[in-house]
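# Architecture and fold: a report
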Amino acid sequence: MKIKTKQITVTAIMLAICLVSQFFKNLSIYITGPIINAALILTVLYAGMACGIILSIITPVTSFFITGSPVIPAMFPCIMIGNIILVVCVGLLRKKCGKAAGFPVSIAIGAILKAVFMGIAIALIILPTFLPAPMHKMLPVLQLQFSVTQLITAVIGGVYAVIIAAVLKKTSLAQAD
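All values reported here derive from a predicted model rather than from experimental measurement. (Residues numbered from 1 in each chain as written. Predicted model: local features only at pLDDT ≥ 70, side-chain atom pairs only at ≥ 80, totals over all residues. Heavy atoms only, no water.)

With that settled, the discussion passes to the overall build of the protein. When its secondary structure is counted, the protein shows seven helices and zero strands. Here the protein has a C-alpha radius of gyration of 16 Å; the compact-globule value for 177 residues is 16 Å, and the two agree. Considering the protein as a whole, with its 177 residues, one finds that 42% of them fall into the buried category. Taking the contacts inside the protein whose residues are at least 6 apart along the sequence as the reference set, 72% of them involve residues at least 24 apart. (Helix = DSSP H or I, 4+ residues; strand = E, 2+ residues; numbered from the N terminus. Rg over C-alpha atoms; globule rule 2.2 N^0.38 Å. Buried < 20%, exposed > 50% of the residue type's maximum accessible area, 1.4 Å probe, protein only. Contact = heavy atoms within 4.5 Å.)

With their axes 8 Å apart at the nearest point, helix H4 (residues 75–93) and helix H5 (residues 102–130) run at an angle of 160° to one another. Comparing the axis directions of H4 and H5 gives the class roughly antiparallel. As H4 runs across H5, the sense of the crossing is right-handed. (Axes fitted to C-alpha atoms, helices over the stretch in contact; angles between N-to-C directions. Parallel < 35°, antiparallel > 145°, perpendicular 65-115°, else oblique. Left-handed = near helix turned anticlockwise from the far one by under 90°.)

With that settled, the discussion passes to a nonpolar patch on the surface. A surface patch of nonpolar side chains, about 1,000 Å² in accessible area, is lined by Ile-112, Val-116, Ile-120, Leu-124, Ile-125, Leu-151, Val-155, Val-159, Tyr-160, Ile-163, Ile-164 and Val-167. At seven residues, helix H7 (residues 148–171) tops the list of elements feeding residues into the nonpolar patch. For Val-167, the location among the structural elements is in helix H7. (Patch = residues over 30% accessible without salt bridge, like charges linked within 9 Å, V, L, I, M, F, W, Y side chains within 5 Å. Areas by Shrake-Rupley, 256 points an atom, 1.4 Å probe, with all protein chains shown as cover. Salt bridge = Lys/Arg side-chain N within 4 Å of Asp/Glu carboxyl O.)

A few words on the state of the cysteines. The tally for this structure, following the rule as stated, stands at zero disulfides. Here Cys-51 is not cross-linked by a disulfide; its sulfur's nearest cysteine counterpart is in Cys-18, at 13 Å. For Cys-51, a relative accessible area of 2% gives the class buried. Not part of a disulfide, Cys-78 finds its nearest cysteine sulfur in Cys-89, a span of 17 Å. (Disulfide = S-S within 2.5 Å.)

Here the focus is H5. Spacing of three or four residues puts side chains on the same side of an α-helix, whose turn is 3.6 residues. Spanning 29 residues, H5 covers 39 Å between terminal C-alpha atoms, matching the ideal 42 Å at 1.5 Å per step. The largest bend in H5 amounts to roughly 35° and is located at Gly-119. (Expected span 1.5 Å × (residues − 1). Bend = angle between axes of the 7 residues up to and from the residue.)

Let us now look at the packing of H5 against H7. It is at 9 Å that the axes of H5 and H7 come closest, and there the two elements cross at 160°. Considering the angle they form, H5 stands roughly antiparallel to H7. The handedness of the crossing between H5 and H7 comes out as right-handed. Between H5 and H7, the residues in contact are Phe-103, Pro-104, Ile-107, Ala-111, Ile-112, Lys-114, Ala-115 and Met-118 and Gln-150, Leu-151, Ala-154, Val-155, Gly-158, Ala-161, Val-162 and Ala-165, respectively. Taken together, the residues of the contact of H5 with H7 break down into 13 nonpolar, two polar and one charged. (Nonpolar A, V, L, I, M, F, W, Y, C, P; charged D, E, K, R; others polar.)

Such coordinate-based values are descriptive only and should not be taken to indicate function.
Printed below as a string of structure tokens:
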């Protein structure tokens, strides 16, 4: 597969947006999470699924270097896979679910599947098994962050993406395929 200049440019812009938002992660995941999810979704829409997958893999790594999380290395691949689930759902389902509703429906399905996967893999398996003893008192908060919070931030990010895509389409600044 050949990646074109437009795809590289869109992906680079979305990565830059993700990097800037990650500096606010320690303030609130409800700032960073929706922005990153919106960037993932918009990358799929304007640069393709492959670029969305690349961004899905890069953002947890950059988050670690900027914010110092996650606390357990086994969480990295799960966060990446959760992001990829969202990206693949949007990439595969947005055209199959109907022209008008396909984009929002694909986002909703992707958000739910991402949250379910991360809730099971991270909140129910990795955290209870590998969380260091001094951090056990934080377990309920971390479990919430890697399950329900993932759903909320993915849905909010999806709403942002739908609004941004509609504005871009209306102003003819960009065309979704």
